[in-house]
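Below are the chains, spelled out letter by letter.
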Amino acid sequence: MDVVLLTALGVGGATVFGSLLGFAFKKISHKFSDIVLSFAAGVMLAAAVLGLILPSLEHGGKYGLVFAISGIFAGALCLNLIDKLVPHLHRLMGNEYETHPNANLSRVLLFVTAIAIHNLPEGIAAGVGFGSGNNSQALVIAGGIALQNIPEGMVIIGPMLAAGISPRKTFICAAITGIVEVAGTLMGYFAVTISQAILPFALAFAGGTMLYVISDEMIPETHHEGARGVTYALLVGFCVMLATDVLLG
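So, how was this worked out
- Residues numbered from 1 in each chain as written.
- Predicted model: local features only at pLDDT ≥ 70, side-chain atom pairs only at ≥ 80, totals over all residues.
- Heavy atoms only, no water.
- Helix = DSSP H or I, 4+ residues; strand = E, 2+ residues; numbered from the N terminus.
- Buried < 20%, exposed > 50% of the residue type's maximum accessible area, 1.4 Å probe, protein only.
- Contact = heavy atoms within 4.5 Å.
- Patch = residues over 30% accessible without salt bridge, like charges linked within 9 Å, V, L, I, M, F, W, Y side chains within 5 Å.
- Areas by Shrake-Rupley, 256 points an atom, 1.4 Å probe, with all protein chains shown as cover.
- Salt bridge = Lys/Arg side-chain N within 4 Å of Asp/Glu carboxyl O.
- Axes fitted to C-alpha atoms, helices over the stretch in contact; angles between N-to-C directions.
- Parallel < 35°, antiparallel > 145°, perpendicular 65-115°, else oblique.
- Left-handed = near helix turned anticlockwise from the far one by under 90°.
- Nonpolar A, V, L, I, M, F, W, Y, C, P; charged D, E, K, R; others polar.
- Core = buried A, V, L, I, M, F, W, Y, C linked by side-chain atoms within 4.5 Å.
- Expected span 1.5 Å × (residues − 1).
- Arc of directions from axis to C-beta.

Caption draft 1: Focus on the overall build of the protein chain. When you go through the protein chain residue by residue, the secondary structure sums to 8 helices and 2 strands. Counting from the amino terminus, helix and strand elements in the protein chain follow one another as α-α-α-β-β-α-α-α-α-α. The buried share of the protein chain, taken over its 249 residues, is 48%. In the protein chain, the proportion of contacts linking residues at least 24 apart, taken out of those at least 6 apart, comes to 82%.

Caption draft 2: Quick peek at a nonpolar patch on the surface. Residues Leu54, Leu57, Leu65, Ile69, Phe73 and Leu77 make up a contiguous nonpolar surface patch of about 580 Å² in total accessible area. Among the elements that take part in the nonpolar patch, helix α3 (residues 64-85) stands out by supplying 4 residues, more than any other. Mapped onto the fold, Phe73 is located in helix α3. Of the residues examined, Phe73 reaches a relative accessible area of 55% and is grouped as exposed.

Caption draft 3: Here's a closer look at the packing of helix α5 (residues 135-162) against helix α6 (residues 167-194). Two numbers describe how α5 lies on α6: the axes approach to 10 Å, and their chain directions differ by 150°. Classed by the angle they form, the pair α5 and α6 counts as roughly antiparallel. In this structure, α5 meets α6 at a crossing whose hand is right-handed. Every residue of α6 that contacts α5 at Ile145, Asn149, Ile157, Met160 and Leu161 is listed here: Pro167, Thr170, Cys173 and Glu181. Residues belonging to the contact of α5 with α6 are distributed by class as follows: 6 nonpolar, 2 polar and 1 charged.

Caption draft 4: The arrangement of the nonpolar core in detail. Counting 36 residues, the largest nonpolar core has Leu52, Ile145, Met210 and Met218 as its most contacted members. Excluding anything up to four places from it in sequence, Leu52 contacts Ala47, Ala125, Ile141, Leu203, Ala204, Ala206, Gly207 and Met210. Core analysis: the next-biggest nonpolar cluster, separate from the first, contains 6 residues, Ile115, Ile156, Ile157 and Ile165 among them.

Caption draft 5: Layout of the environment of Tyr212. Here Tyr212 shows up in helix α7 (residues 199-221). Tyr212 sits in the buried class, given a relative accessible area of 14%. As for Tyr212 and Gly75, which are separated by 137 residues in sequence, their C-alpha atoms are 8.0 Å apart. When near neighbours in sequence (up to four residues on either side) are disregarded, Tyr212 contacts Ala76, Leu79, Asn80, Asp83 and Glu217.

Caption draft 6: Region of the structure containing the side chain of Thr209. With respect to the helices and strands, Thr209 occurs in helix α7. Among all residues touching Thr209, those that are not within four sequence positions of it are Gly75, Ala76, Leu79 and Pro121.

Caption draft 7: Here's a closer look at the packing of helix α2 (residues 30-59) against α7. As a packed pair, α2 and α7 sit with axes 8 Å apart at the nearest point and diverge in direction by 160°. Comparing their axes, α7 and α2 come out roughly antiparallel. Where α2 crosses over α7, the two elements pack in a sense that is left-handed. Looking at side-chain class alone, the contact of α2 with α7 contains 20 nonpolar, 3 polar and 2 charged residues.

Caption draft 8: The arrangement of helix α8 (residues 228-248) in detail. Compared with the 30 Å implied by 1.5 Å per residue over 21 residues, the 30 Å span of α8 between its first and last C-alpha is a close match. Buried within α8 we find Val230, Ala233, Leu234, Gly237, Met241 and Asp245. Angularly, the buried residues of α8 cover 110° about the axis, an arc narrow enough to put them on a single face. Among the exposed residues of α8, those oriented more than 90 degrees off its buried face are Arg228, Tyr232, Val246 and Leu247. Check the buried side of α8 and you find it contacts α2, α5 and α7.

Caption draft 9: Main features of the side chain of Ser19. Along the polypeptide, Ser19 turns up in helix α1 (residues 2-24). A relative accessible area of 0% means that Ser19 is categorised as buried. The residues contacting Ser19, other than those within four sequence positions of it, are Gly153, Met154, Ile157, Phe171 and Ala174.

Now the structure itself:
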């Protein structure tokens, strides 16, 4: 349990650390921001496939494929439902944002919920990984999520400041989203420790939520100014996570 708690704090703390870097480099160009975010997407993609979906197949036995496919779609549909029902801001291009679906809430709260919707499944994925009993594999997943949280934390600061949110409130927002990841990690861990029977489905569910975030938010946000650089950044991120999984898993 101590390892899980420290991991949860590390995953959430990576977002806060990234936000501090974002304050230090507030003038990050949009092109560089896209490359950084695409690298994070590559890391996240590898973590979802290698650390969650493939283990789901292994733990599911003869029904592994059923658990994996149903879990992936359940995770994606769950996040899609949250995306539709929870008020937040959705990034369009550069520093432009679309309010969805309630424009009456404060802009700060909308920013927080947008980032929290993104971060919660990452935390759950980190926690679910420990339910497999393979702590080294779980730490690789959590490390990959923490690694991509740093550049993500960097790139959210500029748009929030540009939107007129004060530096103090911007940092508080980043800290809250880090806490969301801590909570998500603990939620995922306790869910699978209560009943090992749900582990194959839970692994695929977490993987599905991450795939949804990658496809629905991260990749579209990085392709506004040409795709070649960001495509290679995604491949680099994927390969970094692949090498980490092979060497440390």
